[in-house]
Amino acid sequence: MAKVDFDDTRPACLSLPICDMLPYRSASDFFSEFGDADIEVTDGRGGSVRRSRLNELAKWWQNQSAAPTEEALNGNVVHWPIRKDDSHSAPLQSVIDDVTRHLIDGHADRSCIFDLYEFTPIPRFAWAIIGQKSVPVKAHQDMFGTASWNLLFVGRKEWSFWGPELSVIESVQPSWTFEQRPGELVWIPENWWHSVRYKDASICFSKNLILRRSVDFVLQSMKSRAPRYAHILEAVLLIEQRGKADVA
Ligand SMILES: O=C(O)CCC(=O)C(=O)O
Ligand SMILES: [Fe+2]
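Residues numbered from 1 in each chain as written. Chains lettered and ligands numbered in written order. Predicted model: local features only at pLDDT ≥ 70, side-chain atom pairs only at ≥ 80, totals over all residues. Heavy atoms only, no water.

Give me the sheet that holds strand E11 (residues 193-198): which residues, what numbers.
Sheet architecture is open: four strands sit in the order E6-E11-E8-E9, paired in antiparallel fashion. At either end of the open sheet lies a strand with only one pairing partner, and these are strand E6 (136-140) and strand E9 (176-180). The average angle at which neighbouring strand axes cross in this sheet is 15 degrees, direction not considered. As judged from the five bridges shared by strand E8 (residues 157-162) and E9, these two strands associate in the antiparallel manner. The partner of Lys157 across the bridge, within E9, is Gln180. (Pairing = 2+ DSSP bridges. Helix = DSSP H or I, 4+ residues; strand = E, 2+ residues; numbered from the N terminus. Axes fitted to C-alpha atoms, helices over the stretch in contact; angles between N-to-C directions.)

Structure follows, in structure tokens:
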């Protein structure tokens, strides 16, 4: 497959043939494959809201029923964490891996530092994200100063971006706005503000990446917000330092 060349210090919307590689072709394929899954519904920051059956959410998604727990889903998209150690979501791990491999092929500096190691407690920061038509995702920067990719599988979304130098973006015009269509992958560089509006009910896959170039920032951010992750990152960095010392 061809190398994916783009400036990864700026937001990008890339047309990739990756949707052709997915094992399902439509939302109904997706829901019939994973409908039984007992999924964790999280808010946009990854905080757990509650658990739900994907089947219930499918009806809501298709606008055939109210949200299963209205207060939890009102104005929210559903983040379904994809994890190798969870039998329901594990099959989706290969999609996440394929997309990530495709993006980093020939660009090793785009790899996520955590993905270089196999230890079970390492978080993979990967999700399927499901949202209804018209849902707005408020402007935010992704967690801990990670970069991320977001591959749309079904639907249409409108994205707006603001530069990372801004501390407040209220009433500032976005520097870039575009529509994402199925098969297109949005690249979100570290600390770029972004907001999303769902033009259709949509399903996407997404993964956050700790890039080498911003690892100091991520570590500081994790130390203050999520010490558990900071400990894992420190351990990984220590292993790397020792590896270098052994070679020297
Ligand atoms: O719903 C979306 O696709 C946007 C998701 C997003 O920005 C996030 O999960 O951080
Ligand atoms: Fe985001």
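A description of helix H5 (residues 215-225) should follow, citing residues and the corresponding values.
Every buried residue of H5 is listed here: Val215, Val218, Leu219, Ser221 and Met222. Buried residues of H5, viewed axially, fall in a sector of 165 degrees; they line one side. Along H5, exposed side chains directed more than 90 degrees from the buried face belong to Asp216 and Ser224. In this fold, the buried residues of H5 make contact with helix H6 (227-247). (Buried < 20%, exposed > 50% of the residue type's maximum accessible area, 1.4 Å probe, protein only. Arc of directions from axis to C-beta. Contact = heavy atoms within 4.5 Å.)

Tell me about the coordination of the iron ion (ligand 2), and please be specific about residues and values.
A metal bound by six donors in octahedral fashion has ideal angles of 90 or 180 degrees, whereas one bound by four tetrahedral donors has an ideal angle of 109.5 degrees. Looking at the metal site, the iron ion (ligand 2) is ligated by His140 (NE2), Asp142 (OD) and His194 (NE2), spaced 2.1 Å from it. When the donors of the iron ion (ligand 2) are listed by position in the chain, the intervening gaps give H-x1-D-x51-H. Linking His140 in strand E6 with His194 in strand E11, this pair joins segments that are 54 residues apart in sequence. In terms of burial, His140 and His194 fall into one category: buried. (Donors = N, O, S within 2.8 Å, 3.2 Å for Na, K, Ca; no water.)

Such coordinate-based values are descriptive only and should not be taken to indicate function.
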